[in-house]
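Coordinate analysis (summary)
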Amino acid sequence: MENITSQRPSFVVSEAILNQEGKFTVRDILDKVRTIILDQFDTIDTLKRYIIEKLNSMCDYGLIGRTDVYYFSI
């Protein structure tokens with residue numbers, strides 16, 4: 001199996017989100033994936049926007065839920 005540092009950002013971020021339990025924020029996900037995939041993004045803000053897009057997409061598919069303050073596992 002591939003080393004996680006060589007995997008695509010989509011997989012790394014998705015795995016970090018789906019492994020969360022209970023309530024979590026964008027910051028929680030950012031802290032988990034920053035050291036693994038930051039070099040694949042121009043800035044930390046670009047990575048943060050990517051995570052937000054991924055979170056919102058997963059909410060649309062019903063994989064996680066959200067409130068105005070946090071996301072949560074279903």
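Predicted model only: the values in this text are computed from it and were never measured. (Residues numbered from 1 in each chain as written. Predicted model: local features only at pLDDT ≥ 70, side-chain atom pairs only at ≥ 80, totals over all residues. Heavy atoms only, no water.)

A full pass over the atoms with the stated rule returns three salt bridges. Arg 27 is the partner of Asp 31 in a salt bridge, and the nearest nitrogen-oxygen pair spans 3.6 Å. Of this pair, Asp 31 and Arg 27 both sit in helix H2 (residues 26-37), four residues apart, roughly one helical turn. By relative accessible area, Asp 31 is classed as partly exposed at 43%. Where Arg 34 meets Asp 31, a salt bridge forms, and the shortest distance between an N and an O atom there is 2.8 Å. Of this pair, Arg 34 and Asp 31 both sit in helix H2, separated by three residues, roughly a single helical turn. (Salt bridge = Lys/Arg side-chain N within 4 Å of Asp/Glu carboxyl O. Helix = DSSP H or I, 4+ residues; strand = E, 2+ residues; numbered from the N terminus. Buried < 20%, exposed > 50% of the residue type's maximum accessible area, 1.4 Å probe, protein only.)

For the rest of this paragraph, the subject is the packing of H2 against helix H3 (residues 44-60). Closest axis-to-axis distance for the H2/H3 pair is 10 Å, and the angle between their directions is 125°. Our classification of the angle between H2 and H3 gives oblique. Along this stretch, H2 crosses H3, giving a crossing that reads as right-handed. On the side of H2, the interface is formed by Val 26, Ile 29, Leu 30, Val 33, Arg 34 and Ile 37, while H3 contributes Ile 44, Leu 47, Lys 48, Ile 51, Ile 52 and Leu 55. In terms of residue class, the contact of H2 with H3 is made up of 10 nonpolar, no polar and two charged. (Axes fitted to C-alpha atoms, helices over the stretch in contact; angles between N-to-C directions. Parallel < 35°, antiparallel > 145°, perpendicular 65-115°, else oblique. Left-handed = near helix turned anticlockwise from the far one by under 90°. Contact = heavy atoms within 4.5 Å. Nonpolar A, V, L, I, M, F, W, Y, C, P; charged D, E, K, R; others polar.)

All right, on to the packing of helix H1 (residues 9-18) against H2 then. Following both chains from N to C, one finds H1 and H2 inclined at 150°, their axes separated by 10 Å at the closest point. With respect to their mutual orientation, H1 and H2 come out roughly antiparallel. When the axes of H1 and H2 are compared, the crossing they make is right-handed. Contact residues: H1 offers Pro 9, Val 12, Val 13, Ala 16 and Ile 17, while H2 offers Ile 29, Val 33, Ile 36 and Ile 37. Its residues assigned to classes, the contact of H1 with H2 comprises nine nonpolar, no polar and no charged.

The next thing to look at is the nonpolar core. Counting 19 residues, the largest nonpolar core has Ile 17, Ile 37, Ile 51, Leu 55 and Ile 64 as its most contacted members. Those elements that provide at least two residues to this core are H1, H2 and H3. Ranked by residue count, the leading element in this core is H2, at six residues. Residues in contact with Ile 51, not counting those within four places in the same chain, are Val 13, Val 26, Ile 29, Leu 30 and Val 33. (Core = buried A, V, L, I, M, F, W, Y, C linked by side-chain atoms within 4.5 Å.)

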